[in-house]
Amino acid sequence: MIVDSHCHLDYDGLSNQLPDVLARCREQGVGLMLTISSRVENFDRVKAIAEAHDNIFCTVGTHPHNAHEELDITVAELVKLAQHPKCVGIGEAGLDYHYDLSPRDAQMTGFKNHIAAARETGLPLVIHTRQAEEDTARVLEEEMAKGAFKAVLHCFTSQQWLAEKGMELGLYVSFSGILTYKNAEDLRTTAKAMPVDRLLVETDAPFLAPVPFRGKDNEPSYVVKTLETLAATRGLTRDEMAYLTSANFFRLFDKIQMPATFRNAA
């Protein structure tokens, strides 16, 4: 089984052709998808997609781009919404200083609230960070000292030292289609250096399509291309990397019951 650990199935380009998207997933062996919340106000839509499909799960949270729009969302509300049986994570939340679409103080407040919700629920936090390495590392260290929580650095494109800091704190690292890009040699070096039991793959669909689909709308079936690049980077076969990244996913998102077929394959 191959898992797409991060996609946005409620976004235009995917939601309006979901049966075809899922059919292509089956053809490529992508057996499970995690569709990610970017606004709590849209959680019902995200949740409905997960409810309608046995192999789709979801998260609840507010993307840093939208942090200023949902400062009224409390930790208690995140915790309550996360009790839904198909909701298996918190986020995505974090810090994005590249676009600064939300004031940085609002992003920081949202980030810390989501960490608190992850700690209280025991569900993993999906972290978005871009050009905010120092603040991200500082917050993670400070908050981890207050009480442990699980998390993944999604769509990792930061400097290697942040991934290493994440490993020290018990986090996972997820790689997207950017890993396949010609100019991403530094990222492949980071992927090669990380412990293999902390690696995940994702699409972030409909964004960041991998080679050879770069420039087109992304979709979960394309996660296979990232998986193949990660496998080659680590000197493993596609099947070996598929097993490892899926096992890592089920270990992190442990609210999901591991399918018997996958468990028996071990």
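For clarity, every value in this text was computed on a predicted model and none was experimentally measured. (Residues numbered from 1 in each chain as written. Predicted model: local features only at pLDDT ≥ 70, side-chain atom pairs only at ≥ 80, totals over all residues. Heavy atoms only, no water.)

Engineer: Sorry, what's going on with the sheet that holds strand β8 (residues 199–201) here?
Structural biologist: Paired through backbone hydrogen bonds, the strands of a sheet run either parallel or antiparallel to each other. Pairing is parallel across the open sheet formed by eight strands, whose spatial order is β1-β2-β3-β4-β5-β6-β7-β8. Unpaired on one side and paired on the other, β1 (2–7) and β8 mark the two borders of the sheet. The sheet shows a mean angle of 30° between the axes of neighbouring strands, direction not considered. Helix α4 (residues 104–121) rests against β4 (87–96) and β5 (125–130) of the sheet, and its axis sits at about 155° to β4. (Pairing = 2+ DSSP bridges. Helix = DSSP H or I, 4+ residues; strand = E, 2+ residues; numbered from the N terminus. Axes fitted to C-alpha atoms, helices over the stretch in contact; angles between N-to-C directions. Contact = heavy atoms within 4.5 Å.)

Engineer: Before we go on, may I ask you to explain the packing of aromatic side chains in this structure?
Structural biologist: A complete count under the given rule lists five aromatic pairs for this structure. Between Tyr11 and Phe207 the ring centres are 5.7 Å apart and the planes differ by 80°, which places this aromatic pair in the edge-to-face class. With Tyr11 in the loop between β1 and α1 (18–28) and Phe207 in the loop between β8 and α8 (223–234), this residue pair connects regions lying 196 residues apart in the sequence. Judged by its relative accessible area of 40%, Phe207 falls in the partly exposed class. The interplanar angle of 75° and the centroid separation of 6.3 Å between the aromatic rings of Phe156 and Phe175 together place this pair among those described as edge-to-face. Of the two residues, Phe156 sits in the loop between β6 (151–153) and α6 (160–168) while Phe175 sits in strand β7 (residues 172–175), which places them 19 residues apart along the sequence. Since its relative accessible area comes to 2%, Phe156 is described here as buried. Every member of this aromatic cluster is reached through a ring pair, and the members are Phe249, Phe250 and Phe253. Over the face of the ring belonging to Tyr181 we find Arg214, whose NZ or CZ atom lies 3.7 Å from the ring centre. (Phe/Tyr/Trp six-rings, centres within 6.5 Å; stacked < 30°, edge-to-face > 60°. Buried < 20%, exposed > 50% of the residue type's maximum accessible area, 1.4 Å probe, protein only. Lys NZ or Arg CZ within 6 Å of the ring centre and 35° of its normal.)

Engineer: Any chance you could explain α8 here in plain terms?
Structural biologist: Residues that lie three or four places apart on an α-helix share one face, since the helix turns once every 3.6 residues. Between its terminal C-alpha atoms α8 stretches 17 Å, which fits the 16 Å expected from 12 residues at 1.5 Å a residue. Those residues of α8 that fall on the buried side of the exposure criterion are Val223, Val224, Thr226, Leu227, Thr229, Leu230, Ala231 and Thr233. In the stretch just after α8, Gly235 is the one whose phi turns positive, near 70°. (Expected span 1.5 Å × (residues − 1).)

Engineer: I keep staring at the pattern of salt bridges and nothing clicks. Help me out?
Structural biologist: Two side chains carrying opposite charge are able to pair once their charged atoms lie near each other. Under the definition given, this model contains 15 salt bridges. Linking Arg188 and Glu185 is a salt bridge whose minimum nitrogen-to-oxygen distance equals 3.1 Å. Of this pair, Arg188 and Glu185 both sit in helix α7 (residues 185–193), three residues apart, which is roughly one turn of that helix. Arg188 gets classed as buried once you look at its relative accessible area, which sits at 15%. In this structure, the salt-bridge partner of Glu228 is Lys225, at a minimum N-O distance of 4.0 Å. Taken together, the residues span about one helical turn, with Glu228 and Lys225 both in helix α8 at a distance of three residues. (Salt bridge = Lys/Arg side-chain N within 4 Å of Asp/Glu carboxyl O.)

Function cannot be inferred from these measures alone, as they are strictly geometric.
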